[in-house]
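Descriptive analysis of the structure
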Amino acid sequence: MKTKKTTTEFQCPVCGSASREILDKRRIRGRAHVNAICGVCGMVWVVSRQPTKTYEKFYRSGYAVGVYGLKDGKEGLEEVLEWRVRRSREKLAKFDSDWESGSKVLEIGSGIGALLKYLRDEYGCRVWGIEPEPVFAKLSKEELGLNVFAGTFDRWSQKKPKGSPAKYDRIVLDQVLEHILEPVDFLERVVGVLEDDGKLFISVPNVTAPKDRQKDFFIFEHVSSFSPFPLWLLLARCGLKIVRMYAEKPGSLQVLATKFGSSEEMIDIEAVGKPQDKISILKRFNALEKHGNRS
Ligand SMILES: [Zn+2]
């Protein structure tokens with residue numbers, strides 16, 4: 001078995017460097033919540049890391065209510081679904097040709113299931129989901145008829161649920177990587193269930209083009225914050241190359257990646273995202289504070 005690639009909280013989870021500066025410090029849930037920026041690759045991560053169990057408990061205790069106002073029932077589901085499907089459509093708009101009918105799609109962190117529903121209904125994909133939040137998993141199974149495993153990717157990997165393919169043509173990580181403490185280890189295992197000619201779709205909040213003010217951006221469950229360069233580096237470390245990348249201005253980064261060795265061209269990372277330093281990131285946040293520019 002492969003040794004897990006893990007870092008201490010004081011090492012950059014992408015490049016492993018211990019060179020860092022504090023970017024943001026606040027108190028959340030009665031504790032210090034500190035984000036640092038890597039002096040080498042520009043990755044931003046939480047150095048006040050909590051034990052894994054604390055995060056697991058957080059997702060199990062009312063996350064669906066906290067984020068979407070959803071309870072264990074259909075109340076409000078239609079409105080949330082409508083909004084989430086619209087958001088999925090926006091995110092996938094530029095990747096239209098990448099979702100062939102009949103292709104096997106796995107979404108890790110499928111949430112309420114809006115994106116899988118969209119891919120199934122609009123593109124004719126065969127879809128599977130993994131979702132640790134019990135209310136989301138239940139609603140997506142019972143109300144949307146989706147095939148969703150209720151649990152974490154780790155549990156899914158150990159259990160290998162009946163009827164789920166061993167490998168997938170498409171894997172979706174939509175607003176998931178920012179929740180992961182050890183992105184290299186996680187992504188390597190994700191790559192393990194991707195077909196050789198498969199494609200990986202990733203969407204993450206962009207710390208260099210934040211939609212929220214600094215005080216709203218750095219939240220408890222976002223333990224890793226990406227910009228183009230560290231995301232490119234992370235993917236390269238896991239044997240992946242970015243074939244397309246789009247940045248909302250401001251908002252998320254949308255990325256399509258394949259395994260090395262496919263015929264597609266790798267994007268020129270220097271052209272889109274050099275490592276960002278603390279000063280330039282703070283400037284972006286300060287500009288938002290000044291203009292009260294939340295969109
Ligand atoms: Zn780094």
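Everything discussed here concerns the structure shown above.
Description of the structure in this document.

Criteria and thresholds
Per-chain numbering applies: the sequence of each chain, read as written, is numbered from 1 onward. For a predicted model such as this one, the threshold for reporting local features is a pLDDT of at least 70, and the threshold for listing and counting side-chain atom pairs is 80 or more; totals across whole chains, interfaces and linings nevertheless cover every residue. Only hydrogens and water are removed before side-chain values are computed, so all heavy atoms of the structure are retained for them. Strands qualify as paired when DSSP identifies two bridges or more between them. Helix numbering and strand numbering both begin at the N terminus, where a helix is a DSSP run of H or I of at least 4 residues and a strand a DSSP run of E of at least 2. Stacked, tilted and edge-to-face pairs are distinguished by plane angle, under 30 degrees for stacked and over 60 for edge-to-face with tilted covering the rest, among Phe, Tyr and Trp rings (Trp via its six-membered ring) whose centres lie within 6.5 Å. Relative accessibility thresholds used throughout: buried, under 20% of the residue-type maximum; exposed, over 50%; partly exposed, between the two (1.4 Å probe, protein chains only). Any two residues having at least one pair of non-hydrogen atoms within 4.5 Å are treated as being in contact. A fitted line through C-alpha atoms serves as each axis, taken over the contacting stretch for helices, and the angle formed by two N-to-C directions is quoted from 0 to 180°. For this analysis, a nonpolar core means a set of buried residues of the types Ala, Val, Leu, Ile, Met, Phe, Trp, Tyr and Cys, connected via side-chain atoms within 4.5 Å. Any angle from 65 to 115 degrees is called roughly perpendicular, while one under 35 is roughly parallel, one over 145 is roughly antiparallel, and all others are oblique. Left-handed describes a crossing in which the near helix is turned anticlockwise from the far one by less than a right angle; the clockwise case is right-handed.

A look at the pairing of strand 10 (residues 240-247)
Where strand 10 lies against strand 11 (residues 252-259), 7 bridges are found, and the strand directions are antiparallel. In the strand pairing of strand 11, Ala247 is matched with Leu253.

Brief notes about the packing of aromatic side chains
Here the structure, examined in full by the defined rule, presents 15 aromatic pairs. Centroid distance Tyr118 to Tyr123: 5.8 Å. Interplanar angle 75°. Geometry classified as edge-to-face. Classification of Tyr118 by relative accessible area gives buried; the value is 8%. Residue class for Tyr123 comes out buried when judged on its relative accessible area of 14%. Ring pairs connect the aromatic residues Trp128, Phe153, Trp156, Tyr168 and Phe186, which therefore count as one cluster.

Details of the side chain of Ser110
Relative to the helices and strands, Ser110 resides in the loop between strand 4 (104-108) and helix 4 (114-123). Setting aside residues up to four positions removed in sequence, Ser110 forms contacts with Leu116, Gly129, Ile130, Glu131 and Val148.

Let's talk about the sheet that holds strand 9 (residues 224-225)
The strands that make up a sheet pair up through hydrogen bonds in the backbone, lying either parallel or antiparallel. Taken together, 4 strands build an open sheet; the order of strands is 1-2-3-9 and the sheet is antiparallel. Because the sheet does not close on itself, it has two edges, and the strands there are strand 1 (20-28) and strand 9. Relative to strand 3 (residues 44-46), strand 2 (residues 31-38) runs antiparallel, the two being bridged by 3 bridges. Counted as the bridge partner of Ala36 is Trp45 from strand 3.

Quick word on the sheet that holds strand 4
Taken together, the 7 strands give an open sheet; going across it, the order is 6-5-4-7-8-11-10, and neighbouring strands pair in mixed fashion. The open sheet terminates on both sides in strands that have one partner only, identified here as strand 6 (147-150) and strand 10. Direction aside, neighbouring strands of the sheet carry axes that sit 20° apart on average. Those strands touched by helix 4 are strand 4, strand 5 (126-131) and strand 7 (168-174), and its axis lies near 175° from that of strand 5. Packed onto the sheet, helix 9 (residues 228-237) meets strand 8 (194-205), strand 10 and strand 11 and runs at close to 155° relative to strand 10.

Considerations on the nonpolar core
Counting 46 residues, the largest nonpolar core has Leu200, Leu231, Leu234 and Leu235 as the members making the most contacts within it. A total of 6 residues in this core trace back to one element, the largest contributor, which is helix 9. If we ignore the near neighbours within four places in the chain, the residues touching Leu231 are Leu177, Val204, Phe226, Met245, Leu253 and Val255. In terms of nonpolar packing, the next biggest core, distinct from the first, is built from 39 residues, Ile28, Tyr55, Tyr63 and Ala137 among them.

Description of the packing of helix 3 (residues 77-92) against helix 4
At a minimum axis distance of 8 Å, the contact between helix 3 and helix 4 shows a crossing angle of 65°. As judged from the angle between their axes, helix 3 and helix 4 are roughly perpendicular. Crossing hand, helix 3 versus helix 4: right-handed. Along its contact with helix 3, which presents Leu81, Arg84, Val85, Ser88, Arg89 and Leu92, the element helix 4 presents Ala114, Leu115, Lys117, Tyr118 and Leu119.

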